[in-house]
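The chain contents come next:
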Amino acid sequence: VYVGDLLGNLWSINISNTKKLSEVTSANFDSSKSIVYKLFAANAPIVSAPLAKRFEPTGVSCAKCYMVNFATGKPSVSPLIYDFNPGQHTVYGVLDKNNLSTVNVSTLVEQKILATIDNKVVVSTTPVNYGIGDNGYKNGWFFKLRPGEMVVANPKYRPGGSMLFFSLSPPSSTGTTCTARGGYTYNLVATSGSATKRSFDTNNDGLINSADLVDFGGKKNYPGGEASEGMMGNVQITKSSGWPIIQ
């Protein structure tokens, strides 16, 4: 199983032998990596549940590789009140090669928010090369959210190999006026962090077509996210030809 903590550490824990697991202490921790080891250090709290699925990319030698997807964010005391830390929160996809070692962020590819146009988010599509070749031997990807934006609700895998998650943005206030908390709904490819195709029905006509694309950089782009209102987003997910349509 994979577990995040408030220090931003992501742990891989072998629960097949609960007796050995119960015997792990700070004194014998370094010699117990076959039971529990740190897969990644995100340096920001992880409170939503990580996702994991088998993933054995071409050019990578491992018997049981897993893609582990997770995000950072920190709730306050009440589940309805959130501590909007101005620090950076991030969404990750990290390849666990089951070699008992910690993945360094320098081996991850960064995907970026390129633009937000009419509440639609354009996300970069930088290739993630897990095997040999140019810029190869990468161990996954990361996607920085806007300052103060965070993920505190559990993400979900969707048909087509995507990771669906909701973010929370800090409320804005001017004098005695305060806006409601909103956020974004994202649907990114779990193994690369780029935008999925045929996901967001941004005009709510029940179809995914050219009317839902975003003009940016001299081309049409599938949106990787869309602004949403409310605590966790006001969206409806339906199915069309095996793909989720997010409205």
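Structure: above.
### What about the overall build of the protein chain?
Here's step 1: What the protein chain contains, in helices and strands, is one helix and 20 strands.
Here's step 2: A buried classification covers 43% of the 247 residues belonging to the protein chain.
Here's step 3: Looking at the protein chain alone, contacts between residues at least 24 apart form 63% of all its contacts between residues at least 6 apart.
Here's step 4: Entry remark: accessible area of the protein chain is about 12,500 Å², with carbon and sulfur atoms responsible for 52%.

### A short note on the side chain of E226
Here's step 1: Considering the arrangement of structural elements, one finds E226 in strand β18 (residues 225-229).
Here's step 2: Residues contacting E226, with those up to four places away along its chain left out, are N119, V121, G183, Y184, T185, F200 and T202.

### Topic: the pairing of strand β6 (residues 90-96)
Here's step 1: With seven of seven residues buried, β6 lies mostly within the body of the structure.
Here's step 2: Pairing analysis gives six bridges linking strand β5 (residues 66-71) to β6, with the strands arranged antiparallel. Counterpart to M67 in the pairing with β6 is L95.
Here's step 3: Where β6 meets strand β10 (residues 140-144), five bridges bridge the pair, whose relative direction is antiparallel. Among the inter-strand pairings, V94 is bridged to a residue of β10, identified as G140.

### Some words on unusual backbone geometry
Here's step 1: Backbone geometry places D118, a non-glycine residue, at a positive phi of 50 degrees.
Here's step 2: Considering the arrangement of structural elements, one finds D118 in the loop between β8 (113-117) and β9 (120-123).
Here's step 3: In this structure D118 comes out as exposed when scored by relative accessible area, which is 68%.
Here's step 4: For N204, which is not glycine, the phi torsion reads 60 degrees and is therefore positive.
Here's step 5: By the secondary structure assignment, N204 is in the loop between β15 (182-189) and β16 (214-216).

Cut-off values and rules
Residues numbered from 1 in each chain as written. Predicted model: local features only at pLDDT ≥ 70, side-chain atom pairs only at ≥ 80, totals over all residues. Heavy atoms only, no water. Helix = DSSP H or I, 4+ residues; strand = E, 2+ residues; numbered from the N terminus. Buried < 20%, exposed > 50% of the residue type's maximum accessible area, 1.4 Å probe, protein only. Contact = heavy atoms within 4.5 Å. Areas by Shrake-Rupley, 256 points an atom, 1.4 Å probe, with all protein chains shown as cover. Pairing = 2+ DSSP bridges.

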